[in-house]
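Commentary on secondary and tertiary structure
Read off the chains here:
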Amino acid sequence: MAKIYTTPSCVYCKMAKEFFAKHGIAYEEKNVAQDVSARDEMVQKSGQLGVPVIDIDGQIIIGFDQPRLAELLGIK
Amino acid sequence: MYDVIIIGGGPAASAAAVYVARKKLKTVVITESFGGQSQVSDDIQNWIGEKSISGFDLAKKLEEHVRSFSDVVEVKMPERVLGVRSIKCNEATHVCDFEVKTEEGNIYEGKSMILAAGARRRKLGVPGEDAFNGKGVAYCSTCDAPVFAGKEVAVVGGGNAGLEAVVDLFPYAKKIYLLARGDALKGDPITQEKIKNHPQVEIIYNAETQEILGDKFVNGVRYKDVKTGEEKIIAVGGVFVEIGSVPNSEMAKDLVELDNYGQIKIDSKHASTSHPGVFAAGDITDDPYKQNNISAGDGVKAALAAYGYLQKRAKQSPAAEK
Ligand SMILES: Cc1cc2nc3c(=O)[nH]c(=O)nc-3n(C[C@H](O)[C@H](O)[C@H](O)COP(=O)(O)OP(=O)(O)OC[C@H]3O[C@@H](n4cnc5c(N)ncnc54)[C@H](O)[C@@H]3O)c2cc1C
């Protein structure tokens, strides 16, 4: 399942979650504000410190990159 | 050929779009996104009519309002404008058509334009800033503060944005260095109070940031004390850059007059620029107050002025309007 690394106050995280919801795609949310090990996992996977980070089967998207998300999720 | 081309999707552009739509002008709105700069804000408390609204909800409302006029207003999003210019000018009447080019490779032509592309965060322009962007260098404290839990960080900028970043970091960062260029802070007194005697905060005055240091991630920042000329390094895991904004006016620099800060000069009565038929509103202009409501109001002015211009233009050159 796709993972979305988020913080509660991040607008682009909300947009990313909405994008998944709108297309009926399940995801697991990891709130890095609460979960330090999730934060470290996110930093390790993405090599950077910004949210959101989205992990789709090991493919890492940094930020709410809608075109890339659509491509990886096969949404037209 | 559109009657009006609106560039932007913030409060200025959205307000302009609503007003030209109600005048039934054939319009295209070209923007990277809706909502504008305060989209990242958790809580906007001064959007008139809303005691509290998140930037996210404001963005949605603006977009919905604009899209409700789909009979006359086309929305091109996400699309990034690279440049605008005049084409086919009538030497006698100074009436021109305009052309807008986008990164996506599209070209739009219009009889008038409203430039409302707002502003973006100012960068420090020091070594290390780009290399460590996202790797400890951050521009959105509301978004990224929690990622710096337990770390020591620096905030650059002694104005409101800098002070608010410090407040955003309170619940997370172990220690916050605030680097201010002057010998006093400039932000709101209430926020200054909050941070001045806070045990987590150390304010460093007269500090000019020189370089952001790091290896894989940021591990320090080098600054110069402008009073003594001494250079110092502090060890931090993050640097939040909060030093104001720059107008997104590059696209129009060969068409309209800009001031020394790159802001489009407007006659604030009519939102008109130095070029007839080109109007501008919001943070892209030299209007001194950069606020959502003001940008929206200026957008309305630009729309009504564009409408007036188009009516006059139709009278002057009826043949060209066919
Ligand atoms: C963090 C933060 C919090 C704020 N909080 C408040 C607040 O609480 N209350 C308040 O009144 N003001 C607030 N402000 C100020 C307010 O956001 C601005 O004054 C306002 O957004 C300006 O609106 P605008 O429409 O002129 O431009 P912007 O909001 O900057 O919008 C510009 C739009 O143009 C688009 N764009 C830019 N370049 C291009 C291009 N080349 N091609 C296509 N599209 C482009 C962008 O995507 C954006 O949609 C805040 C600002 C920030 C940064």
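So, how was this worked out
- Residues numbered from 1 in each chain as written.
- Chains lettered and ligands numbered in written order.
- Predicted model: local features only at pLDDT ≥ 70, side-chain atom pairs only at ≥ 80, totals over all residues.
- Heavy atoms only, no water.
- Salt bridge = Lys/Arg side-chain N within 4 Å of Asp/Glu carboxyl O.
- Helix = DSSP H or I, 4+ residues; strand = E, 2+ residues; numbered from the N terminus.
- Buried < 20%, exposed > 50% of the residue type's maximum accessible area, 1.4 Å probe, protein only.
- Disulfide = S-S within 2.5 Å.
- Pairing = 2+ DSSP bridges.
- Arc of directions from axis to C-beta.
- Near = heavy atom within 4 Å.
- Polar contact = N/O pair within 3.5 Å; in protein donor to acceptor, adjacent residues only side chain to side chain.
- Areas by Shrake-Rupley, 256 points an atom, 1.4 Å probe, with all protein chains shown as cover.
- Nonpolar A, V, L, I, M, F, W, Y, C, P; charged D, E, K, R; others polar.

Considering the pattern of salt bridges
Within this structure, the stated rule accounts for 26 salt bridges over all chains. Taking the shortest distance from any N to any O, the salt bridge between R121 of chain B and E242 of chain B comes out at 3.5 Å. Of this pair, R121 of chain B sits in strand β7 (residues 119-121) while E242 of chain B is found in the loop between β15 (238-241) and β16 (245-247), placing the two residues 121 residues apart along the sequence. With relative accessibility at 37%, the residue R121 of chain B sits in the partly exposed group. Among the charged side chains, a salt-bridge network with shared partners connects K30, E41, K45 and D55 of chain A.

Some words on the state of the cysteines
All names here are of chain A. Taken as a whole, this structure holds three disulfides over all chains when the rule is applied. The disulfide bridge from C10 ends at C13, spanning 2.2 Å between sulfur atoms. The S-S bond linking C10 to C13 shows a torsion near 95 degrees; that makes this disulfide right-handed. The class for C13 is buried, based on a relative accessible area of 0%. When the cysteines engaged in disulfides are numbered in sequence order, chain B pairs them as 1-2, 3-4.

Observations concerning the side chain of T27 of chain B
Its place among the elements puts T27 of chain B in strand β2 (residues 27-30). T27 of chain B gets classed as buried once you look at its relative accessible area, which sits at 0%.

Some remarks on the pairing of strand β3 (residues 73-76) of chain B
For a regular strand, side chains alternate in direction, first toward one face of the sheet and then toward the other. Residues and elements named next belong to chain B. Here β3 shows a buried face lined by V73 and V75 and an unburied face lined by E74 and K76. The pairing of β2 with β3 spans four bridges and is classified as parallel. Following the sheet pairing, V28 is matched in β3 by E74.

Things to note about helix α4 (residues 160-169) of chain B
Two residues of an α-helix separated by three or four positions point the same way, owing to the 3.6 residues in each turn. By the burial criterion, the buried members of α4 of chain B are G162, L163, A165, V166 and L169 of chain B. Projected down its long axis, α4 of chain B shows its buried positions confined to an angular sector of 155 degrees, all on one face.

Some words on the site of the ligand
Residues and elements named next belong to chain B. Contacts to the ligand come from 31 residues, most closely from Q37, N46, V81, D283 and Q291. Taking P11, its main chain carries an N or O atom lying 3.3 Å from an oxygen atom of the ligand. In isolation the ligand exposes 1000 Å². Once the protein is present, 87% of that is buried. Elements that contribute at least two residues to the shell around the ligand include exactly α1 (11-22), β7 and α6 (292-316). Of the residues contributing to the shell around the ligand, the split by class is ten nonpolar, 15 polar and six charged.

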